[in-house]
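Single-letter residue listing:
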Amino acid sequence: MPCDRIIVIVKKIKKTIMRSIAIKGQDEHVDPEKKGMFQNRFEDYHHRYTFASRYVKGKKVLDIACGEGYGSKLLSKKATRVTGVDVESEAIQVAKEKYGAKNRRKNTKFICADAISFLSSSKDRFDVIVSFETVEHVKEYKKFLTLMHERLKPGGILLLSTPNKKFFDVFFGGTYN
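About the criteria used
Residues numbered from 1 in each chain as written. Predicted model: local features only at pLDDT ≥ 70, side-chain atom pairs only at ≥ 80, totals over all residues. Heavy atoms only, no water. Helix = DSSP H or I, 4+ residues; strand = E, 2+ residues; numbered from the N terminus. Buried < 20%, exposed > 50% of the residue type's maximum accessible area, 1.4 Å probe, protein only. Contact = heavy atoms within 4.5 Å. Areas by Shrake-Rupley, 256 points an atom, 1.4 Å probe, with all protein chains shown as cover. Salt bridge = Lys/Arg side-chain N within 4 Å of Asp/Glu carboxyl O. Pairing = 2+ DSSP bridges. Right-handed = clockwise from strand over helix to strand, strands pointing away. Phe/Tyr/Trp six-rings, centres within 6.5 Å; stacked < 30°, edge-to-face > 60°. Lys, Arg positive; Asp, Glu negative; His and termini not counted.

S.K.: Whenever I open this one, the overall build of the chain confuses me. Can you help?
M.R.: Along its length, the chain carries 7 helices and 5 strands. Shown N-terminal to C-terminal, the secondary structure of the chain runs as helices and strands in the order α-α-β-α-β-α-β-α-β-α-β-α. Across the 177 residues in the chain, those meeting the buried criterion constitute 41%. At a minimum sequence separation of 6, the contacts of the chain that also span at least 24 residues come to 63%. Accessible surface, the chain as shown: approximately 10,400 Å² in total, 55% of it carbon and sulfur.

S.K.: What should I look at first to understand the pattern of salt bridges in this one?
M.R.: A pair can form between side chains of opposite charge whenever their charged atoms are brought close. Scanning the model with the defined rule gives 4 salt bridges in all. Between Asp127 and Lys153 there is a salt bridge, with its nearest N and O atoms 3.5 Å apart. Highlighted residues: Asp127 in strand 4 (residues 126-132) and Lys153 in strand 5 (residues 152-161), separated in sequence by 26 residues. The network of salt bridges with shared partners includes Lys60, Arg81 and Asp124.

S.K.: What am I meant to see in the pairing of strand 2 (residues 81-86) here?
M.R.: In summary, the side chains of a regular strand alternate between the two faces of the sheet. Of all 6 residues that make up strand 2, 5 are buried, and the element is covered over most of its length. Two elements, strand 1 (residues 60-64) and strand 2, share 5 bridges in a ladder whose sense is parallel. Its bridge partner being in strand 2, Lys60 is matched across the sheet by Arg81. Assessed by its sense of winding, the connection that carries the chain from strand 1 through helix 3 (residues 70-76) to strand 2 is right-handed. With 5 bridges joining them, strand 2 and strand 3 (residues 108-112) adopt parallel strand pairing. The partner of Asp86 across the bridge, within strand 3, is Cys112.

S.K.: Help me understand the packing of aromatic side chains, please; the structure alone is not making it clear to me.
M.R.: In this description, a pair of aromatic rings is defined by centroid distance and the angle of the planes. Summed over the entire model, instances satisfying the criterion amount to 3 aromatic pairs. Relative to Phe132, the ring of Tyr49 lies with its centre 4.9 Å away and its plane at 80 degrees, an arrangement referred to as edge-to-face. Highlighted residues: Tyr49 in helix 2 (residues 42-53) and Phe132 in strand 4, separated in sequence by 83 residues. Overall, Phe132 belongs to the buried group, its relative accessible area being 10%.

S.K.: Even after reading the chapter, I still don't get the side chain of Arg151, so can you show me in this structure?
M.R.: Examined against the element boundaries, Arg151 turns out to sit in helix 6 (residues 141-151). The buried charged residue Arg151 lacks any salt bridge, with Glu150 as its nearest oppositely charged partner at 4.9 Å. Aside from chain neighbours lying at most four places away, what touches Arg151 is Leu119, Ser122, Lys123, Asp124, Arg125, Phe126 and Ile129.

Next up, the structure:
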């Protein structure tokens with residue numbers, strides 16, 4: 001198959017995916033109870049937090065870009081304390097209702113703030129900071145990384161993931177850093 005034909009096919013796939021997201025009003029928050037395109041990534045999401053849970057036993061944890069709180073809930077099963085932060089107020093409201101203190105999770109709190117503002121203003125230091133699929137959305141990513149380092153206790157652990165850039169460049173137009 002000639003290269004130009006492959007490029008045309010990839011462009012058509014990209015348009016179809018983007019149209020599907022726009023029409024259905026999909027967002028990137030993962031909730032095991034919802035269906036949709038991004039929910040198909042639930043298994044990857046769950047595995048990231050399962051991996052992270054190995055490092056949080058008895059620890060004070062920060063979950064940056066926690067979305068609707070499902071990952072924070074998984075971490076709270078082993079951590080002493082989990083703070084989930086997300087910029088979207090609707091997501092934080094859902095997180096509080098489903099997984100916060102109102103729902104028997106006394107060691108979990110959720111805060112609505114953007115990552116840079118929270119990290120800049122917080123005086124807390126954390127044993128573990130989790131930031132999955134976030135850094136590519138932050139314009140000031142160097143500042144973001146520096147602030148996370150500053151918020152870690154000495155010997156603390158940063159668990160960070162990013163999407164596969166080649167995949168997103170092809171299918172979503174290279175909109176990530």
